[in-house]
Amino acid sequence: LQKVLGLGIKENDFFSLFELDEIEETIVGIIAGMIYGSGKANPRKPIIALTESDSDTTCYKVSSRANYDLIKQGLDLGKAMKEINQELPGEGGGGHSVSAGIKFKKEFKEKFFELLEKKIKEQMKQDL
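1. Some points on the packing of aromatic side chains
Thinking step 1. Counting across every chain of the model gives 4 aromatic pairs.
Thinking step 2. Arranged with centres 4.8 Å apart and planes meeting at 20°, the rings of Phe104 and Phe112 form a pair that is stacked. Here Phe104 matches Phe112 in class, with each residue buried.
Thinking step 3. Taken together, the ring pairs in this structure connect Phe15, Tyr60, Phe104, Phe112 and Phe113 into an aromatic cluster.
Thinking step 4. If you follow Lys106 out to its NZ or CZ, it ends over the ring of Tyr60, 5.4 Å from the centre.

Below, the structure is given as structure tokens:
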């Protein structure tokens, strides 16, 4: 947790993000939730956590978290990840409205972020 906070959380118009390959993919979502719950990430945006897959170093594992205020505004991370998984070669796309994830090949990183921004913008029906 301290390492992530020390490296900093990046932010764009649509989400907050941290990337740290040293985090095990099985706990990256837990760390994202802890950062989000601690108030260290912008509560007006979901947080996205990206790490290298433990089982396949050619892939990234992504976990995302949101809060219920964002859900009330239309955000559904599970739906977004599922739809992205249909557009990118990946696995495990889906989850819940407040907590979701996906695994995809590293070569699709920029495409993933483009699709994620598009999905968030569509769901929230506004420019965050």
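2. Some remarks on the pairing of strand S3 (residues 47-52)
Thinking step 1. Burial analysis of S3 places 5 of its 6 residues in the buried class, which makes it a mostly covered element.
Thinking step 2. As paired strands, strand S2 (residues 16-19) and S3 are joined by 4 bridges and run parallel to one another. If you follow Leu17 over to S3, its bridge partner there is Ile48.
Thinking step 3. For the crossover that starts at S2, traverses helix H2 (residues 28-37) and ends in the parallel S3, the hand is right-handed.
Thinking step 4. Once S3 ends, the chain turns through 6 residues before running back antiparallel as strand S4 (residues 59-65).

3. Observations concerning the sheet that holds S2
Thinking step 1. Spatially, the 6 strands line up as an open sheet ordered S1-S2-S3-S4-S6-S5, and their pairing is mixed. For this open sheet the edge positions go to strand S1 (10-11) and strand S5 (90-95), each flanked by a neighbour on one side alone.
Thinking step 2. Here S5 runs beside strand S6 (residues 99-105); their pairing, made up of 4 bridges, is antiparallel. Looking across to S6, one finds that Gly94 is bridged to Gly101.

4. Some words on helix H5 (residues 109-124)
Thinking step 1. Helix length check: H5, at 16 residues, gives a terminal C-alpha distance of 23 Å against a target of 22 Å (1.5 Å per residue), a fit within 8%.
Thinking step 2. Turning to H5, its buried residues are Lys109, Phe112, Phe113, Leu115, Leu116, Lys119, Ile120, Gln123 and Met124. Looking straight down H5, one finds its buried side chains confined to an arc of 165°; they lie on one side. Away from its buried face by more than 90 degrees, H5 exposes Glu110 and Glu114.
Thinking step 3. Buried residues belonging to H5 abut S2, S3, S4, helix H3 (68-72), helix H4 (77-87) and S6.

Analysis parameters
- Residues numbered from 1 in each chain as written.
- Predicted model: local features only at pLDDT ≥ 70, side-chain atom pairs only at ≥ 80, totals over all residues.
- Heavy atoms only, no water.
- Phe/Tyr/Trp six-rings, centres within 6.5 Å; stacked < 30°, edge-to-face > 60°.
- Buried < 20%, exposed > 50% of the residue type's maximum accessible area, 1.4 Å probe, protein only.
- Lys NZ or Arg CZ within 6 Å of the ring centre and 35° of its normal.
- Helix = DSSP H or I, 4+ residues; strand = E, 2+ residues; numbered from the N terminus.
- Pairing = 2+ DSSP bridges.
- Right-handed = clockwise from strand over helix to strand, strands pointing away.
- Expected span 1.5 Å × (residues − 1).
- Arc of directions from axis to C-beta.
- Contact = heavy atoms within 4.5 Å.

So, to be careful, I would describe these as geometric facts and stop short of saying anything about function.
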